[in-house]
Amino acid sequence: QVQLVESGGGLVQPGGSLRLSCAASGRIFRITAMGWYRQAPGKQRELVAALTSSGSTNYADSVKGRFTISRDNAKNTAYLQMNSLKPEDTAVYYCNAEIRKTAYSRSNAYWGQGTQVTVSS
């Protein structure tokens, strides 16, 4: 069974930084793409950043220039470096991964449990 485990959330002051991690484990043939989503109270879940195996990236306009997504293929882990954090970034952040378990299997999407990020003075 594939599992995604997120870590790195917490409380940080405005202008500060945090690095989120998302480690995928289990039977994995290939991770096609990984991404980060977030959901604030009273708001819809939105895509924050995504990274495909080909190197293509996509960022929400609100985080461009401040957030950076990356991954370590050897560890099946994705990261989200968040700099110049603002109170508006406060939300639960979720990791998502598109994973193919075997060479003959189709890819399926998996989600992490979410990690809270709070930006406050």
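That block above? That's the structure.
Figured I'd write up the structure that's included with this text. All of these numbers come straight from a predicted model, not from anything done at the bench. (Residues numbered from 1 in each chain as written. Predicted model: local features only at pLDDT ≥ 70, side-chain atom pairs only at ≥ 80, totals over all residues. Heavy atoms only, no water.)

Quick look at the environment of leucine 85
Its place among the elements puts leucine 85 in the loop between β8 (77-82) and β9 (91-100). A sequence separation of 71 residues divides leucine 85 from proline 14, and the C-alpha atoms of the two residues are 5.3 Å apart. Other than its neighbours up to four places away in sequence, leucine 85 contacts Val12, Pro14, Gly15, Gly16, Ser17, Leu18, Arg66, Phe67 and Val119. (Helix = DSSP H or I, 4+ residues; strand = E, 2+ residues; numbered from the N terminus. Contact = heavy atoms within 4.5 Å.)

Some words on the side chain of asparagine 96
As for its placement among the helices and strands, asparagine 96 is situated in strand β9. The class for asparagine 96 is buried, based on a relative accessible area of 13%. Separated by 3.2 Å, the side chain of asparagine 96 and the backbone oxygen of tyrosine 110 make a polar contact. In contact with asparagine 96, other than residues within four places in its own chain, are Leu4, Ala33, Met34, Gly35, Tyr37, Ala109, Tyr110 and Trp111. (Buried < 20%, exposed > 50% of the residue type's maximum accessible area, 1.4 Å probe, protein only. Polar contact = N/O pair within 3.5 Å; in protein donor to acceptor, adjacent residues only side chain to side chain.)

Here we look at unusual backbone geometry
One non-glycine residue, asparagine 76, lies in the positive phi region at around 50°. Looking at where asparagine 76 falls in the secondary structure, it is placed in the loop between β7 (67-72) and β8. For asparagine 76, a relative accessible area of 25% translates into the label partly exposed. Phi is positive for serine 84, which is not a glycine, with a value near 50°.

A few points about the pattern of salt bridges
Inspection of the entire model under this criterion finds four salt bridges. With a shortest N-O distance of 2.8 Å, arginine 66 and aspartate 89 are connected by a salt bridge. Of this pair, arginine 66 sits in the loop between β6 (57-59) and β7 while aspartate 89 sits in the loop between β8 and β9; the two residues are 23 residues apart in sequence, bridging distant segments of the chain. Neither residue differs from the other here; arginine 66 and aspartate 89 are each classed as buried. Here the salt bridges do not stand alone but share partners, grouping Arg38, Glu46, Arg66 and Asp89 into one network. (Salt bridge = Lys/Arg side-chain N within 4 Å of Asp/Glu carboxyl O.)

Overview of the state of the cysteines
In total, this model carries one disulfide according to the counting rule given. Two residues share a disulfide in this structure: cysteine 22 and cysteine 95, whose sulfurs sit 2.0 Å from each other. Given an S-S torsion of about -80°, the disulfide between cysteine 22 and cysteine 95 has left-handed geometry. Here cysteine 95 lies in strand β9 and cysteine 22 lies in strand β3 (residues 18-25), a separation of 73 residues in the sequence. For cysteine 22, a relative accessible area of 0% translates into the label buried. The exposure class assigned to cysteine 95 is buried, which follows from its relative accessible area of 0%. (Disulfide = S-S within 2.5 Å.)

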